[in-house]
Amino acid sequence: MAYVARKIPFVGTPDTNPETKPFFQGADAGKLMVRRCTSCKKVHHYPRELCPFCFGNCEWQEASGKAKIYTFSVMERANPPYAIGYVTLEEGPSVLTNFVDCDFKALKIGQDVKVTFVKTEDGGPSLPFFTPA
Amino acid sequence: MSLKGAAYIAGAWEHPTRKAPDKSIALLHAECAKGALEDAGLTKDDVDGYFCAGDAPGGLGPLSMVDYMNLKCRHVDSTDVGGSSYQVAVGHAMEAIAAGRCNVALITLSGRPRSEGQATGTAPRPGNPAAPEMQFEFPYGPATANLYGMCAQRHMYEYGTTSEQLAWIKVAASHHAQHNPNAMLRDVVTVEDVVNSPMVSSPLHRLDCCVISDGGGALILTKPEIAKSLKRPLVKVIGVGESPKHQAGGEIDLTYTAARWSGPPAWAMAGIKPSDIKYASIYDSFTITVLMQLEDLGFCEKGQGGKFVADGNLISGVGKLPFNTDGGGLCSNHPANRGGITKIIEAVRQLRGEAHPAVQVPNCDLAIAHGTGGALGTRHCGSTVILERE
């Protein structure tokens, strides 16, 4: 089952939540930005100002974009079908995403994937998607 | 102080409708309230505590519904965690009754997603963009079916669970639904029917998914003295537990549910173990939901759910653990896209000996009604209720 591009919706704007605006600015520049805690050093996702592990302060860091598929599900009822999944980033956290530019039937848990960026509709920001490495 | 036995379920009523385009959601709530009060042998004026969740119309928790039904309450609670809110409400009502904050608690659920044409499981529904996760999830199309599909996919990967094993859960539900005149799907299906039904979101097929129905239900909880003054069989609440599970900052593990945490306090309060249970109502938004919750509640070892549910083990009169004998959400009813209250209602029927004779469990004295609200793939709340016939 081949990937067919679909319109990617976005709710609100990157200004809706000032806390996460740099994530979308990074995506528009082709960078996957994650938050690392300056105290416990752990990386988390989705990004927050305060570390969800220790409430320490965090700083932005560019992720490598390398990840492995944790799980996936192909929504065959949708037109076009799309593949949602979690990928586990090299930096630690698992993030929700879609898989693009691939044969959905060939997706496998544990597979190596890499980040790519897709623009959301109506002039919204770019977002990270993943494709086989 | 243990809350065990601090409240009884004195009234339980399920709305018979599965499609109600001619009724308002408020009316459905009120009809359910009336039905449960009549079942208990109480009146509207006896209610002094009201419990509802996000399906109650109006913007401020219980306020619109206590106004509409003209209830005079000393205590209200509108904790909303989706489909398990009603298990949570049983626990909260028991606490309120034990604390003397109310004597007769009414819990209602109603909705009409079917009449409103909701594509509940296959169309992502945008929420408030200020919800902190919204902009990181909604663009990727999280529609209920694929959030559970991801759990099933990982469970299969870790434990070798198969689509055929999942199908047995639907098969069991359909065996029960054939006896329920109100059930939406009354045809008995086979494993082959399930695995050959169209794929919705891999690996979940159409028949792995629950129905979309209008309707609702209500419960009346009272303090022991009141329950014992009424004419209905006594159904005592002996164990409750609730716990949310979420993405944990990105430390995702989709192989288990919050039942792993909501179950132990309920078992401990009740002082019983899974093998004591005669009947189980297990939340069945999807077949995988049932399988994972059975493992997490301790009915079998983690990863052995597939073997446990296979070969009719959940069919009343056939297997070891009769489940969802009304047909459950998979075949009968999932009103307001929330199946929690119907789980408790069928458990009450079983304990009273009022289930359909074809599915009634003999000498049913201990039952569990477990719910999952939200989505297993992102955030959800598990809530466990254990009931005893006295």
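Here we summarise the structure given alongside this text. (Residues numbered from 1 in each chain as written. Chains lettered and ligands numbered in written order. Predicted model: local features only at pLDDT ≥ 70, side-chain atom pairs only at ≥ 80, totals over all residues.)

## A few points about the overall build of chain B
Helix and strand counts for chain B stand at 13 helices and eleven strands. The proportion of buried residues among the 390 residues of chain B is 59%. Partitioning the contacts of chain B with sequence separation of at least 6, the portion at a separation of at least 24 is 77%. (Helix = DSSP H or I, 4+ residues; strand = E, 2+ residues; numbered from the N terminus. Buried ≥ 20, exposed ≤ 12 C-beta atoms within 10 Å, placed from the backbone. Contact = placed C-beta atoms within 7 Å.)

## Observations concerning the overall build of chain A
Along its length, chain A carries one helix and eight strands. Counting from the amino terminus, helix and strand elements in chain A follow one another as α-β-β-β-β-β-β-β-β. Radius of gyration (C-alpha) of chain A: 15 Å, near the 14 Å computed for a compact globule of 133 residues. When the backbone C-alpha atoms are referred to their principal axes, chain A occupies close to 45 × 35 × 25 Å. Out of the 133 residues belonging to chain A, those deemed buried represent 41%. Sequence-distant contacts in chain A: of pairs separated by 6 or more residues, those separated by 24 or more amount to 48%. (Rg over C-alpha atoms; globule rule 2.2 N^0.38 Å.)

## Notes on the pairing of strand β7 (residues 112-119) of chain A
Residue and element names in this part refer to chain A. Where strand β4 (residues 66-75) lies against β7, three bridges are found, and the strand directions are antiparallel. By the bridge assignment for β7, lysine 66 is matched with lysine 114. Here β7 pairs with strand β8 (residues 126-132) via seven bridges, running antiparallel. Counterpart to phenylalanine 117 in the pairing with β8 is proline 128. (Pairing = 2+ DSSP bridges.)

## Considering unusual backbone geometry
Negative phi is the rule for most residues except glycine; trans is the rule for most peptide bonds. Residue histidine 45 of chain A is joined to tyrosine 46 of chain A through a cis peptide bond whose omega torsion reads -10°. If you trace the backbone, tyrosine 46 of chain A turns up in the loop between β2 (43-44) and β3 (58-62). With an omega of 0°, the peptide bond between serine 202 of chain B and proline 203 of chain B qualifies as cis. Looking at the secondary structure, you find proline 203 of chain B in the loop between β5 (199-201) and β6 (204-205). Of note, phenylalanine 55 of chain A is a non-glycine position whose phi angle comes to about 65°, a positive value.

## So, the interface of chain A and chain B
The extent of an interface is frequently quoted as the accessible surface area lost upon association of the parts. Listed per partner, the contact involves 36 residues of chain A and 31 residues of chain B. Mapped onto the side of chain A that touches chain B, the elements with two or more residues apiece are β4, β5 (82-89) and β6 (94-99) of chain A. For the side of chain A that touches chain B, the element with the most residues is β4 of chain A, which contributes six residues. When the residues that make up the side of chain A that touches chain B are grouped by side-chain class, the tally is 20 nonpolar, 14 polar and two charged. (Nonpolar A, V, L, I, M, F, W, Y, C, P; charged D, E, K, R; others polar.)

## Some remarks on the packing of helix α3 (residues 85-98) of chain B against helix α13 (residues 340-352) of chain B
Residue and element names in this part refer to chain B. One can describe the packing of α3 onto α13 by two numbers: an axis separation of 6 Å at closest approach and a directional angle of 60°. Residues Ser85, Tyr86, Gln87 and Val90 of α3 form the contact with α13, whose participating residues are Gly340, Ile341 and Ile344. Tallied by class, the residues present in the contact of α3 with α13 amount to four nonpolar, three polar and no charged. (Axes fitted to C-alpha atoms, helices over the stretch in contact; angles between N-to-C directions.)

## Things to note about the environment of glycine 121 of chain B
Residue and element names in this part refer to chain B. One can find glycine 121 in the loop between β4 (104-111) and α4 (134-137). Residues glycine 121 and glycine 250 lie 129 residues apart in sequence; the distance between their C-alpha atoms is 24 Å. Contacts of glycine 121, omitting those with residues within four sequence positions, involve Ala143, Thr144, Ala145 and Cys209.

## Looking at the sheet that holds strand β1 (residues 33-37) of chain A
All names here are of chain A. Ordered in space as β2-β1-β3, the three strands form an open sheet in which the pairing is antiparallel. If you trace the sheet from one side to the other, it starts and ends with β2 and β3, each paired once. Relative to β2, β1 runs antiparallel, the two being bridged by two bridges. Paired with arginine 35 across the strands is histidine 44, a residue of β2.

## Side note on the packing of helix α5 (residues 144-159) of chain B against helix α10 (residues 287-296) of chain B
Residues and elements named next belong to chain B. Contact geometry for α5 and α10: axes closest at 9 Å, N-to-C directions at 55°. With respect to each other, α5 and α10 are oriented oblique. In the packing of α5 onto α10, the handedness of the crossing is left-handed. Side by side, α5 and α10 meet where Tyr148, Cys151, Ala152 and His155 of the first sit next to Ile288, Thr289 and Met292 of the second. (Parallel < 35°, antiparallel > 145°, perpendicular 65-115°, else oblique. Left-handed = near helix turned anticlockwise from the far one by under 90°.)

## Some details on the nonpolar core
Note on soluble globular proteins: their nonpolar side chains tend to be buried together. Among the nonpolar cores identified, the biggest contains 152 residues, and Ala93, Leu221, Ala367 and Leu387 of chain B are the most heavily contacted of them. Beyond its immediate chain neighbours, meaning those up to four positions away, alanine 93 of chain B contacts Ala7, Gly49, Phe51, Ala105, Ile107 and Leu221 of chain B. (Core = buried A, V, L, I, M, F, W, Y, C linked by C-beta atoms within 7 Å.)

## Brief notes about the environment of glycine 327 of chain B
Residues and elements named next belong to chain B. With respect to the element layout, glycine 327 can be found in the loop between α11 (305-309) and α12 (328-331). Residue class for glycine 327 comes out buried when judged on the 29 C-beta atoms lying within 10 Å of it. A sequence separation of 142 residues divides glycine 327 from leucine 185, and the C-alpha atoms of the two residues are 8.3 Å apart. Sequence-distant contacts of glycine 327, that is, excluding residues within four places in its chain, are made with Ala173, His176, Ala177, Asn180, Ala183 and Ser332.

Just distances and angles here, no functional claims.
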